[in-house]
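The chain contents come next:
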Amino acid sequence: MNSGFYLDGINYISHQFTLPLDYSNADTKIDVFVRELVATSSESQDLPYLLYFQGGPGFASPRPTAQSGWLKAALQHFRVLLLDQRGTGLSSPISAQSLAHLSPEQQAEYISHFRADNIVRDADAIREQLNINKWSTIGQSFGGFCTLTYLSMFPDSLERCFVTGGLPSTTRPADDVYKATYQRTLDKNADFFERFPTAQPICDRIASILAKGNTYLPNGQRFTVEQFQQMGISFGVEGGAEDLYFQIEQAIETINGEEKIRTLFLHYIMMEQAYLTNPLYCILHESIYCQQDASNWSAHRVREQFPQFNYKSDEPLLFTGEMVYPWMLDQLETLKPLKEAAEILAAKSDWPTLYCDKTLAENRVPLAAAVYVEDMFVEFAYSCETLAKIPHSKAWKTNQYEHNGLRMDGETIFSTLQSINEQIKQRQQ
């Protein structure tokens, strides 16, 4: 497939590739989709390519409808490629339905091939099929993790790299990550309840209603305290805390003398839960930190070191953040069929390595990274720790943005990183 259309001065060109599920055994194939974008004013120019790695794991690349944000800045200099990472979007999808014909063991084996290492192998295979000598990459959040994997595996394929809110530790286990992120989540809770003094009593009343066990979302799923707590993920994005508060303050109504959760709020929760029902996000989330070790539901275990998050009716409710828990496979209808596969993968201890510190220590590819000081999802200290080990890299350390800065002010962020990247390039000459 190689078809196109035009929107807002951009030519959209579709590419579909057939690639191995397992690069060590090419028998089973999957489809991987890429959308190429080029400004109509630049169609005749021989522009370099910029590949976008989406955050996640398990989410499709964006579907932009206008020349705005970081894309507006990028299209002035590049042809942009938006990769639907394997298992997402128009690439061969992963869902309970698509895996229903497999046993739990087969499901786990299949899903195990959808981490950053194979996403990067897909990307480099696509680069070769498009006859591109070298290209640049931009990675947001988990896309930054993919960038470091790419720099570890195929550095000679890369011209320059940009990362926003996504520089992981290359050595720390998942437990270290969650110890840090739980602490950031405590900080965000403190800020939220200080800014909105009426929020705590309302949240405690919501939790009390949910603890009775008879509140259901419009899709028939029982709405629990644990699910409500996970709305704290919104604290990590710009405007998220404010939106959550305005929803919370109208969440309760009294009917025949009994407090109930309003239908409007239940619809809001159901829509906001959509990311949780993504099997790749839930099942592979902790494995992005695993290298020759098992996660064993790290966030669930580490939570016991932070008992403030364990709801008790006589204590203030706190929100959690970007964590996945084994109970999700019991409560969320779209995940229940994959529970056994998820348990197998949580216990998997032979995950391949994702990063090569030796290769990264010899890096020659200019790497410019926006590192957010108050990032709730990617620990600032660990990002700085990683960059210190990679030559020809530079961080733009800022507290101006939350984790979704690229979405909120992408043109500024991309232009700033491009300037930093040029500085690195000039020093190399």
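Check the entry above for the structure.
This one's a predicted model, so the numbers in the text were calculated from it and none came from an experiment.

S.K.: Where do I start with the pairing of strand 9 (residues 258–261) in this structure?
M.R.: Two faces, one strand: in a regular strand the side chains alternate between the faces of the sheet. For strand 8 (residues 252–255) and strand 9, the ladder comprises four bridges, and the chain directions are antiparallel. Bridge pairing in strand 9 places Glu-253 opposite Lys-260. A loop of two residues connects strand 8 with strand 9, the two strands running antiparallel in sequence, and Asn-256 in this loop sits at a positive phi of about 55 degrees.

S.K.: Looking at this structure, I do not really get the side chain of Glu-322. What am I missing?
M.R.: Residue placement: Glu-322 occurs in the loop between helix 11 (298–302) and helix 12 (328–331). Buried within the structure, Glu-322 lacks any salt-bridge partner; its nearest side chain of opposite charge belongs to Arg-407, at an N-O separation of 11 Å. Other than its neighbours up to four places away in sequence, Glu-322 contacts Gly-56, Tyr-178, Ile-233, Tyr-281, His-285 and Phe-377.

S.K.: Just to check I follow, could you spell out the nonpolar core for this structure?
M.R.: The tendency in soluble globular proteins is for nonpolar side chains to be buried as a group. Core analysis: the largest hydrophobic core is formed by 112 residues, its most contacted members being Phe-192, Phe-228, Ile-248 and Phe-319. Setting aside residues no more than four positions away along its own chain, Phe-192 makes contact with Ala-199, Phe-235, Ala-241, Tyr-245, Ile-248 and Phe-319. By size, the runner-up hydrophobic cluster in this structure holds 27 residues, among which are Ile-10, Ala-370, Tyr-401 and Ile-424.

S.K.: Just to check I follow, could you spell out the packing of aromatic side chains for this structure?
M.R.: For any pair of aromatic rings, geometry is given as the distance between the ring centres together with the angle between the planes. With the rule as written, the count across this model stands at 29 aromatic pairs. Look at Phe-5 and Tyr-12: their rings are 4.8 Å apart centre to centre, the planes differ by 15 degrees, and that puts the pair in the stacked class. On the accessibility criterion, Tyr-12 (2% relative accessible area) is buried. One aromatic cluster in this structure is built from Phe-192, Phe-193, Phe-196, Phe-223, Phe-228, Phe-235, Tyr-245, Phe-246, Phe-265, Tyr-268 and Phe-319. Here the guanidinium or amino end of Arg-86 rests over the ring plane of Phe-114, the centre of that ring lying 5.4 Å away. One cation-aromatic arrangement involves Lys-348 over Trp-351; the distance from NZ or CZ to the ring centre is 5.1 Å.

S.K.: I'm lost on the environment of Gln-227 in this one. Help?
M.R.: Inspection of the secondary structure puts Gln-227 in helix 7 (residues 225–229). C-alpha of Gln-227 to C-alpha of Gln-45: the two residues are 182 residues apart in sequence and 50 Å apart in space. Among residues more than four places away in sequence, those in contact with Gln-227 are Leu-217, Gln-221, Arg-222, Gln-273, Trp-327, Gln-331 and Leu-332. Polar side-chain contacts of Gln-227 include one of 3.0 Å to the backbone oxygen of Arg-222.

S.K.: How do you make sense of the environment of Gln-247 when you look at a structure like this?
M.R.: One can find Gln-247 in helix 8 (residues 240–248). The exposure class of Gln-247 is buried, given its relative accessible area of 16%. Here the alpha-carbon distance between Gln-247 and Tyr-268, two residues 21 residues apart in the chain, equals 7.9 Å. Beyond its immediate sequence surroundings of up to four residues, Gln-247 is in contact with Phe-265 and Tyr-268.

S.K.: Would you take a moment to explain the pattern of salt bridges for this structure?
M.R.: Inspection of every chain in the model, using the stated rule, returns 23 salt bridges. The partner of Lys-188 in a salt bridge is Glu-402, and the shortest N-O contact between them spans 3.0 Å. Separated by 214 residues along the polypeptide, Lys-188 in helix 5 (residues 174–195) and Glu-402 in the loop between strand 11 (393–398) and helix 16 (405–428) bring together distant segments of the chain. For the pair shown, Lys-188 and Glu-402 are each scored as buried. Close ionic contact of Glu-259 with Arg-205 constitutes a salt bridge, the shortest N to O distance being 2.6 Å. Of the two residues, Glu-259 is situated in strand 9 and Arg-205 in helix 6 (residues 199–210); the sequence distance between them amounts to 54 residues. By relative accessible area, which is 36% here, Arg-205 ends up partly exposed. Residues joined by salt bridges that share partners form a network here, namely Asp-124, Arg-127 and Glu-128.

S.K.: Just checking my understanding: could you explain helix 15 (residues 380–387) for this structure?
M.R.: Count 3.6 residues to each turn of an α-helix, and residues three or four apart come out pointing the same way. Within helix 15, burial applies to Tyr-382, Ser-383, Cys-384, Thr-386 and Leu-387. As for helix 15, its buried residues are in contact with helix 4 (142–153), helix 5, strand 10 (367–372) and strand 11.

S.K.: Can you walk me through empty space enclosed by the protein in this structure?
M.R.: One simple way to see leftover space: roll a probe sized like a water molecule over the atoms. A full pass over the atoms with the stated rule returns seven cavities of 30 Å³ or more. One number sums up the size of the largest cavity: a volume of about 90 Å³. Phe-145, Leu-167, Pro-168, Ser-169, Val-177, Ala-180, Tyr-289, Phe-377, Val-378, Glu-379 and Tyr-382 are the residues that line the largest cavity. Broken down by class, the residue content of the lining of the largest cavity amounts to nine nonpolar, one polar and one charged.

S.K.: What exactly am I supposed to notice about the layout of surface pockets here?
M.R.: In this structure, the largest pocket encloses a volume near 1100 Å³. Lining of the largest pocket is provided by 35 residues; of these, Gln-54, Gln-140, Val-237, Asn-404 and Arg-407 occupy positions nearest its centre. Secondary-structure elements contributing two or more residues to the lining of the largest pocket are helix 1 (69–74), helix 9 (263–272) and helix 16. When grouped by side-chain class, the residues that make up the lining of the largest pocket number 18 nonpolar, 14 polar and three charged.

Rules used in this analysis
Residues numbered from 1 in each chain as written. Predicted model: local features only at pLDDT ≥ 70, side-chain atom pairs only at ≥ 80, totals over all residues. Heavy atoms only, no water. Pairing = 2+ DSSP bridges. Helix = DSSP H or I, 4+ residues; strand = E, 2+ residues; numbered from the N terminus. Buried < 20%, exposed > 50% of the residue type's maximum accessible area, 1.4 Å probe, protein only. Lys, Arg positive; Asp, Glu negative; His and termini not counted. Salt bridge = Lys/Arg side-chain N within 4 Å of Asp/Glu carboxyl O. Contact = heavy atoms within 4.5 Å. Core = buried A, V, L, I, M, F, W, Y, C linked by side-chain atoms within 4.5 Å. Phe/Tyr/Trp six-rings, centres within 6.5 Å; stacked < 30°, edge-to-face > 60°. Lys NZ or Arg CZ within 6 Å of the ring centre and 35° of its normal. Polar contact = N/O pair within 3.5 Å; in protein donor to acceptor, adjacent residues only side chain to side chain. 1 Å grid on protein atoms, 1.4 Å probe; cavity = no way out; pocket = protein on both sides within 12 Å on 5 of 7 lines; lining within 4 Å. Points joined across faces, edges and corners; volume = space filled by probe spheres on them. Nonpolar A, V, L, I, M, F, W, Y, C, P; charged D, E, K, R; others polar.

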